[in-house]
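Listed here are the chains, written in short residue letters.
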Amino acid sequence: MDQVKGTNLKTIDRFSLNYQYIDKDNNVVIDSVTFQKACVTHKLPASQMKTYTDSVAVAMMLEFNDGT
């Protein structure tokens with residue numbers, strides 16, 4: 001997410017960014033160890049992360065280092 005540093009967050013086109021955990025087709029690409037660690041870090045119950053939306057939320061928290 002180096003593209004974001006020093007940029008006004010209100011003007012960022014989040015759809016054009018290159019994400020580490022979400023590919024160009026909007027598939028979540030994250031290994032289970034990283035996913036589990038993210039859930040622990042962000043105090044999310046990994047056992048309840050069952051939908052695509054849940055996975056995207058975890059991936060975006062990792063991308064933006066949100067919730068720490």
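The coordinates are above.
To start, this report covers the structure provided alongside it. (Residues numbered from 1 in each chain as written. Predicted model: local features only at pLDDT ≥ 70, side-chain atom pairs only at ≥ 80, totals over all residues. Heavy atoms only, no water.)

### Quick look at helix H2 (residues 52-64)
Between its first and last C-alpha atoms H2 spans 18 Å; for 13 residues at 1.5 Å apiece the expected length is 18 Å, and the two agree. Burial in H2 covers these residues: Ser55, Val58, Ala59 and Glu63. For H2, the angular spread of buried residues about the axis comes to 140°, placing them on one side. Against helix H1 (32-41) lie the buried residues of H2. (Helix = DSSP H or I, 4+ residues; strand = E, 2+ residues; numbered from the N terminus. Expected span 1.5 Å × (residues − 1). Buried < 20%, exposed > 50% of the residue type's maximum accessible area, 1.4 Å probe, protein only. Arc of directions from axis to C-beta. Contact = heavy atoms within 4.5 Å.)

### Some details on the nonpolar core
Ile12, Leu17, Tyr19, Tyr21, Ile22 and Ala59 form the largest nonpolar core, which has 6 residues in total. If sequence neighbours within four positions are ignored, isoleucine 22 has contacts with Asn27, Val29, Val56, Ala59, Met60 and Glu63. Counting residues in each nonpolar core, the second largest holds 5 residues, with Phe35, Ala38, Cys39 and Val58 among its members. (Core = buried A, V, L, I, M, F, W, Y, C linked by side-chain atoms within 4.5 Å.)

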